[in-house]
Structures are given as C-alpha cells and as structure tokens.
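Letter by letter, the chains look like this.
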Amino acid sequence: MCGIVGYFGDKTAKNFLVDGLSKLEYRGYDSAGIAVVNEGKVNIVKHKGRLANLTENLDGNKAEGTVGIGHTRWATHGEPSDINSHPHQSSKGDITVVHNGIIENYLELRQWLKGQGYEFISQTDTEVIPNLIHYYYKGDLFQAVVKATERLEGSYALGVISGQEPDKLVAVRKDSPLIVGLGQGETFIASDIPAIISYTRDIYLLEDREFVVITKDGAKILSGDGTEIKKDVFKVTWNEDAAEKGGYDSFMLKEINEQPKAIKDTLASRLSMNNDINFEDFKLSKEDLDKIDRIFIVACGTAYNAGLMGSVAIEKLAKIPVVVDIASEFRYKDPLVTNKSLVITLSQSGETADTLAVLRDCKKVGARTLAITNVVGSSISREADNVIYTMAGPEIAVASTKAYTTQVVVMYLMAMYFSELRGLMTKELDKELREALLLVPEKVQIILDKANEIEETANLLANEKDVFYLGRGADYALCIEASLKLKEISYIHSEAYAGGELKHGTIALIEKGTKVIALLTQRSLREKMISNIVEVKARGAEVIGIAYENDVLDESIFDKVIRIPELYNLVSPIVAIIALQLLAYYTAKNKGCDIDKPRNLAKSVTVE
Ligand code: M6R
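Residues numbered from 1 in each chain as written. Predicted model: local features only at pLDDT ≥ 70, side-chain atom pairs only at ≥ 80, totals over all residues. Heavy atoms only, no water.

Going by what an unreviewed UniProt entry lists, the chain is known as Glutamine--fructose-6-phosphate aminotransferase [isomerizing] and is assigned to Clostridium saccharoperbutylacetonicum N1-4(HMT). Recorded in UniProt for the chain, the comment headed Subunit (unreviewed entry) runs: "Homodimer." (UniProt positions renumbered as here; feature names shortened; annotations may be inferred.)

Right, here's the structure in full:
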C-alpha cells in the first residue's frame, strides 16, 4: 500500500528513486512522484498514473541533486490526481514528505493547522504531516519530526527532506514497513527490499518509532529522545532475479512457474520418507500440544484461503478444532482467544495491517502465536512467538500464487506433525501423505506443461460476466481461492460455492450458458459433485471440469475437462490450484488486462 524510497549519497538521487519506485509499483500505482534537494531548494515532480508518466515528465534540470525521496501511491484519501500525489510540502516552507500509511486524526489536525495559518491544497491525510513538521521546526529537522509524529494517530512510514537542511534525510515508521539500505557512500530508505536489492544487501530493519537521520556520515538510528540505537545489520540473502521478470510476460506467470521449486524448497528441510517431520522452528512436546484447546488461523485474502485449506488438513489429521477467520473481522468481534489458543497468522508480505493487529491482540491475552510467511524480517515474523518461513521467496505479482501453495504445504506438514505428536497418525497414512507431498512438485510441473491447453480453455471465459466455482470438502476451500484469482486479475465476477449449498438459493442464477467450473479431486465426494454438475447442466450451464486423468466421466455433462494427475486426495488440491491459477491468468490475458497491476489493488495492504 504505497511505496516510499529515499536516497542520500554522491550520485544523482533521481536515478535510484525512479528505479526503486519501479520495483515498488506492486504496492500501488495510482500516481508517482519524487522530490530532490538541489542547491538548498526542494524540487518536486509528481504525476497521476503509472510511474512511466513521471519518468516521461522528469525534467533533468528540476530533479538533479543527491538527496531525495519518492513515492508510488495507492489512493486512500482523495482520488488519484497530480495534486493528491506525493511528495507533499508544507504551505509555509519547503518541508517535504512521502508517506505510506493512514493518519486517522487528520481532519482534526487539519482544522487545528488551518487555525495556525496553514493552507491545504490536496484531499490527502498526508498533507497535515509536512505542515505539522514545519510548525515544530526550530532548526532541527529530526526534533521537528519527533514532535510532529507524536501528534499523529494511525500508521506511517515517512521520508522527510527540507532545503533548510539540504544534507539530511529523516525517516521514521509506525505500523508501516520501512527499511534502511546501507551502501558504499550512499544510504537508502525503502518500503521493501526489492527497491534496494540491486544496490545493497545490508539493511537495518526498523521497529516502530525508530527514527533514522541520514547525513554524509551515514545512517543513525535514534529513539524519540535522541538516544542512539545500535542495530545489527541484516543481510538479505535472496536472489536479485526475484525482482525481475526473467523473460516471462508478467511476474504472475513467472511466479506460477516457480511453484515446483518453491514447493520443493519448502518441503526439502522438513520432509523425507524416513525421518521425523522437522519443525525445529516450532518444536512442541505432546504436553505443549495437549494444552492447546483450539487453533485460530487468521489472515486476509489469499492467505486466508490458504488457512481454509490448512484447517481442513489439521482437523482431519490432528483432530484439533480450528477456527479460520478474516483478520479485519476477527479483530473487532471479541474472539474467544485464551492462553490455551494457538493463533496462526498467515501473510505473504508479513506486513498486512489487520493481520498484524490480530497478532498483537492475541499476544496480549496470552495466546501462543505463530506466523507463516515468506518474508524474513517482516513485522509479523518478528512479533510472533514463532515463525515458520515458507521458501517461496519474494512474490511481486499482486495476485498471490506461490505464496499460497507454499503456505498450504507448511500447514499440511504441521497437520501431520500435530497428528504424530497426538499419536493419531497411522503408518499407512503417514506413508501415503509423505509420498503424495513429495510428489507435488513433479505433478505441478505436469500441469504447467499443459499451459497451452489451459490457455485454450480460458477462451471460454473471456467474455463472461459471471463464473461459478463448485466443489466439496477441500475442493470447496480451493474454489474460494480460484474464484478470488479470477476476480482480481480478469475483473470477471465469480463466486465459489459448496456443491450442496447451490440449491439453497444461488442456483437461481444459473441459466443457459452460465459457466461453472467444477472440481472433482475428492473421490469420496465425487458422486455428490456429479449430482451437482448434473443439476447445473440441466439448467443450461456450461461446465468446465477439473478431474483426474483416469477418472471415467460421462463427458456429456462437461463442455471441457482439464485433466490433472491423481494424488492422495487431501493433497490433490495443491496441484489442482495450478490449473485454476493458469485459467485465471489466461482469461485475464485474453481480455488484455494488466495482470501484474490489477485495478484498485496493491500487493501489500498496510492500512486497515
Ligand atoms: O501479504 P498478505 O499475504 O498478508 O496479503 C493478504 C492479501 O492482501 C493477499 O493475499 C491478497 O488477497 C492477494 N492479492 C490475492 O492474490
């Protein structure tokens, strides 16, 4: 949700600012802007629309200088427009700010600042910040930022510059991510690692209310009272290629294709045919597990959908009651979390505001908390009692793919681990599950090799207004994710339905030509699903089936069947989702959608 960058060094700041923003565009792409200090003056260039609009309009003379800040916006307050774009500047001076987050008391502050003679030209919450800093400015930018931020309620990651202190960049975060990159003679700030990975791998991870003052002597981390905080340098280990498309049309297609490796890497250190499942990073004794009376899995969007899959596996294998909930709902409903609860938060970014808030609330009541994420050093990973990292690596496309499958894999392993601890796992089931999970990467590749066939099938969907996904059991949980994928990148309305639930109302929407995607990976529910397919077919639906290659079907009730390899049925959905991701991808591609930058969305939702 908005990306911010900053540069202090001996090179032209705008080069890094633009490059860094291009790597953060997945966080928002409504507008982009930079501000650079040059000869004691702050020059701002900002434009509505994609970053390309900014770069086309970057007048060399205006944006020269070696200290600067930049922003790519996902609009919250005020429409995407030049005026609402960041950076924002004080009406009384040149204190200039980029901001990621939401200032909740901005109306009250705006009113108060108006009373002090400040003027406002944008509709944003951010504009109060440079004005407040100006109000407190008495010759020390750091002090003014400390005082101003004391009055802010909400979340913020800020980069601040001023022509009055041209050799200084001040930054701070609270509930919005911010890192500091340490280069040779240059220092960077950024909302996320992809922005700086090609410049440095040495970073500081900032905690809430830690201030950074960057000068020619480097970056100093200070608390609000000016005390210097000594920080360990965190080494980024991931590959620079992760932030590049590597020959694919889009990050989404690249990441879909990375799944065999991501899943294999996630399994590698934890599962083999003969050894105990390795949960060194979340080691529990039988007694520890017996103390847990309920598991809550809380997350948003695709991560929530991964949680749904996880709950199916945990309840089936470990027989522990699981509640799965959406973080933004859970946090306001007085959930029944106690010190006997295990709360699992799932998050690809590790920064999602609602998920982080749930984690904090649950810690307060003494629940044991576990994070499953792929971002080392993210807020959620740092604040949870335990963290399990998936090996998905960074995910850049807004539509989550490999983060989902690897989260599901981790939860399946956890379900097996719990089941073994509780003495519920039989030898036969253990063997079957291990074999199936270890085969997943290979089976996923088989689906990827069918991309052309799936692309053809996608032609059936491109002109649709509504699509229905039907499944039962684990397939129903999978349908929910498949449906979200289609919606978010192709803008086709879709709904996921439990096969048996359809006739309780929604079947009224099925008419001649309505597209229904029916999942048949759960053998024990196959006949029930076939009945549901017959019911929609009888009402004119056109049905695309996802079925095992050896499943003998009455082809007359399907308009098309995508065949997938069979695996132990609980594990099969992890393979089936690849076909559904590709179906969504090619549908969006056929429609000419901007797949990596779907409208109105951003990758990392760091505001409520
Ligand atoms: O970073 P998180 O995993 O916490 O993000 C949660 C959702 O915002 C995210 O999964 C979103 O639903 C994806 N864009 C879906 O593809």
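Read on for the rest.
> Before we go on, may I ask you to explain the pattern of salt bridges in this structure?
Should their charged atoms come close, side chains of opposite charge can pair. The final tally for this structure, using the stated rule, is 41 salt bridges. In this structure, the salt-bridge partner of R173 is D208, at a minimum N-O distance of 3.1 Å. Here R173, found in strand β8 (residues 169–174), pairs with D208, found in the loop between β11 (202–205) and β12 (211–215); they are 35 residues apart in sequence, far enough to count as distant. Where E228 meets K230, a salt bridge forms, and the shortest distance between an N and an O atom there is 3.2 Å. For K230, a relative accessible area of 73% translates into the label exposed. Overlapping salt bridges bring together R173, K174, D175, D208, R360 and E383 as one network. (Salt bridge = Lys/Arg side-chain N within 4 Å of Asp/Glu carboxyl O. Helix = DSSP H or I, 4+ residues; strand = E, 2+ residues; numbered from the N terminus. Buried < 20%, exposed > 50% of the residue type's maximum accessible area, 1.4 Å probe, protein only.)

> Honestly, the pairing of strand β21 (residues 493–498) in this entry has me stumped. Any pointers?
It is a general feature of regular strands that their side chains alternate between the two faces of the sheet. Where strand β20 (residues 466–471) lies against β21, six bridges are found, and the strand directions are parallel. If you follow G471 over to β21, its bridge partner there is A498. As a crossover connection, the stretch from β20 through helix α16 (residues 474–490) into β21 is right-handed. (Pairing = 2+ DSSP bridges. Right-handed = clockwise from strand over helix to strand, strands pointing away.)

> Honestly, the packing of α16 against helix α18 (residues 572–590) in this entry has me stumped. Any pointers?
It is at 9 Å that the axes of α16 and α18 come closest, and there the two elements cross at 20 degrees. On the basis of the axis angle, α16 is roughly parallel to α18. α16 and α18 meet at a crossing whose hand is right-handed. Together, A474, D475, L478, E481, A482, K485, L486, I489 and S490 of α16 and P573, A576, I577, L580, Q581, A584, Y585, T587 and A588 of α18 make up the contact between the two elements. Considering only residue class, the contact of α16 with α18 consists of 12 nonpolar, three polar and three charged. (Axes fitted to C-alpha atoms, helices over the stretch in contact; angles between N-to-C directions. Parallel < 35°, antiparallel > 145°, perpendicular 65-115°, else oblique. Left-handed = near helix turned anticlockwise from the far one by under 90°. Contact = heavy atoms within 4.5 Å. Nonpolar A, V, L, I, M, F, W, Y, C, P; charged D, E, K, R; others polar.)

> Can you walk me through the sheet that holds strand β18 (residues 368–373) in this structure?
Remark on secondary structure: sheet strands pair via backbone hydrogen bonds, oriented parallel or antiparallel. A sheet is described by the order of its strands in space; here five strands give the open sequence β16-β15-β17-β18-β19, paired in parallel fashion. Either end of the sheet is taken by a strand with one partner, and the two such strands are β16 (322–326) and β19 (386–389). On average, each strand axis in the sheet is tilted by 20 degrees relative to the strand beside it, whichever way the strands run. Sheet topology note: the β18/β19 ladder contains four bridges and is parallel. Within β19, the residue paired with T373 across the bridge is Y389. Lying over the sheet, helix α9 (residues 301–318) contacts β15 (294–299), β16 and β17 (341–347), oriented at roughly 170 degrees with respect to β16.

> Sorry, what's going on with the pairing of strand β2 (residues 31–38) here?
Among the eight residues of β2, seven are classified as buried, and the element is accordingly described as predominantly covered. Both β2 and strand β3 (residues 41–48) contribute to a ladder of eight bridges, which runs antiparallel. Paired with S31 across the bridge in β3 is K48. The pairing of β2 with strand β4 (residues 67–73) spans seven bridges and is classified as antiparallel. The residue bridging I34 from the neighbouring strand is G70, located in β4.

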